[in-house]
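Geometric and topological summary
Take a look at the letters that make up each chain.
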Amino acid sequence: MAKPADAVTVVIPVHNATEALGKILPGWRVVLEKTGRGFEILVVDDGSTDAPAVERVATREPHTRVLRHDARRGFGKCLRTALAETRHPLFFYTALDYPYTPSDIRTLLERIEVRDEFLNRQPDLISGCRTGLAAPALLTWGTQVWRLFWRAFGGLPIPDPTPWHGWPAFWYRVRAKWVYGVPLADVNSCFKLFRTDFLRRFPIQSDGDFVHTELVAKATFLTSIMDEVPLTPKPDPVPPLGDTAADRRRVFRDPEFAFPPPEPPQPGEPGPPVADAPGSPGPAPPTPGPSPAPSP
């Protein structure tokens, strides 16, 4: 009998986007039902001013819960909040700032189940890469010349060109690759699938949009297997990132790859109860006191 497929938690952070949430949630529910695996949808309301409306829209759909921040905390904080509440082995997140296609999650779910034939391990991370945005003509021409040069004089194969996401995303990708070792073409894609146990191995330090780079960089450092798959082509521009400076500095200067050990109890504080070892004789019986003197 085949092992049942791992259930998945879908996380959707929102901020003042009730209308967009109402349009996309039914589609996610239908797609997840068709996968034949267990699922839940966690909507993280990141300090929206229309919180009651978010609650009404989300609770119309089955298997959906709302987690709320009292103020806007950022995408990374939303992921930490959701990770503390998830119930399933797979953890997927997306966003509403780009027209992602819910059915693309099927490709990610299939890919994360493939076991590497050499390492005998399954991936910890599968990321979706946005495609369909036309690159500038000059860049396209220059890329073709460069590829042909290396093919003719270096004998190297000609790989497919990297999908175009705009100049800001291009320079961000170059920095992320050289500074943090990120191997993905679209590191900031909000269409990522992780194994929950992997995400719980280390703290998520970023509060904002740098979290996408942090998670992939740590996966690279920990020698995780990962892959990137193309998403449904869309001509829509890639939305800009929020401010990442503070999180970049924090992760670069003091990256955390494990949770700190629990602090020992302070003097005078009772320690945790210690259970008797199996087979131990248990506590000694109380020593009887002196017998009372007989009555006269």
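As a starting point, this report considers the structure included with it. Just so we're clear, the structure is a prediction, and the values are computed from it rather than from any experiment. (Residues numbered from 1 in each chain as written. Predicted model: local features only at pLDDT ≥ 70, side-chain atom pairs only at ≥ 80, totals over all residues. Heavy atoms only, no water.)

1. A look at a nonpolar patch on the surface
For clarity, the threshold we go by: Patch membership is restricted to residues that have no salt bridge and whose relative accessible area is over 30%. Joining uses 9 Å for like charges and 5 Å for the nonpolar side chains Val, Leu, Ile, Met, Phe, Trp and Tyr. Where accessible areas are quoted, they stem from the Shrake-Rupley method and a 1.4 Å probe; at the residue level, only the protein chains shown are allowed to cover. Salt bridges, as used here, are contacts in which a Lys or Arg side-chain nitrogen is within 4 Å of a carboxyl oxygen on Asp or Glu. Each helix corresponds to a stretch of at least 4 residues labelled H or I by DSSP, and each strand to a stretch of at least 2 residues labelled E; elements are numbered beginning at the N terminus. Only protein chains enter the accessibility calculation, which uses a 1.4 Å probe. A residue is then buried if its area is under 20% of the maximum for its type, exposed if over 50%, and partly exposed in between.
Together, Leu-138, Trp-141 and Val-145 make up an exposed nonpolar region whose accessible area comes to about 370 Å². Tracing the chain through its elements places Trp-141 in helix H5 (residues 137-153). Overall, Trp-141 belongs to the exposed group, its relative accessible area being 58%.

2. Here's the deal with the environment of Ala-185
Under the convention used in this document: Here, residues are in contact when the closest pair of their heavy atoms is within 4.5 Å.
One can find Ala-185 in the loop between helix H6 (167-180) and strand S6 (191-195). A residue is classified by how much of its surface remains accessible, and Ala-185, at 17% relative accessible area, is buried. Linking Ala-185 and Ser-127, residues 58 residues apart in sequence, is a C-alpha distance of 9.8 Å. For Ala-185, the residues in contact, after removing those within four places along its chain, are Cys-129, Thr-162, Pro-163, His-165, Arg-173 and Glu-228.

3. As for the environment of Thr-94
The condition is simple: Whenever two N or O atoms come within 3.5 Å, that pair is a polar contact, provided that in protein one can donate a hydrogen and the other can accept it, and provided that, for residues adjacent in sequence, both atoms are side-chain atoms.
Structurally, Thr-94 is set in strand S4 (residues 90-94). When the C-alpha atoms of Thr-94 and Pro-13 are compared, they prove to be 7.6 Å apart, with 81 residues separating the residues in sequence. With near-sequence residues (within four places) excluded, Thr-94 lies in contact with Val-11, Ile-12, Pro-13, Trp-28, Phe-75, Tyr-100, Cys-190 and Phe-191. Here the side chain of Thr-94 touches Cys-190 through a polar contact of 3.1 Å, landing on its backbone oxygen.

4. Notes on the environment of Thr-162
With respect to the helices and strands, Thr-162 occurs in the loop between H5 and H6. By relative accessible area, Thr-162 is classed as partly exposed at 43%. Leaving out residues up to four positions away in the same chain, Thr-162 has contacts with Arg-173 and Ala-185.

5. Some details on helix H8 (residues 211-221)
Each α-helix turn comprises 3.6 residues. Residues three or four places apart therefore point the same way. Across the 11 residues of H8, nine count as buried, placing the element largely inside the fold. Those residues of H8 not exposed but buried are Val-211, His-212, Thr-213, Glu-214, Leu-215, Val-216, Ala-217, Lys-218 and Ala-219. Thr-223 sits one or two residues past H8 and shows a positive phi near 55 degrees.

6. Focus: the sheet that holds strand S1 (residues 8-14)
Put simply, the rule is: Paired strands, in this sense, are two strands between which DSSP finds at least two bridges. Under this scheme, a helix contributes an axis fitted over its contacting stretch, all axes are lines through C-alpha atoms, and angles between N-to-C directions fall in the 0 to 180 degree range.
Strand order across the open sheet formed by seven strands is S3-S2-S1-S4-S6-S5-S7, with mixed pairing between neighbours. Since the sheet does not close on itself, it has two edges, and those belong to strand S3 (64-69) and strand S7 (226-230), each with one partner. Taken over all neighbouring pairs, the strand axes of this sheet differ in orientation by 20 degrees on average, direction set aside. Pairing of strand S2 (residues 39-46) with S3, which is carried by six bridges, proceeds in the parallel orientation. Looking at the pairing, Asp-45 lines up with Arg-68 of S3. Along the sheet, helix H3 (residues 75-85) contacts S1, S2, S3 and S4; its crossing angle with S3, the most-contacted strand, is approximately 130 degrees.

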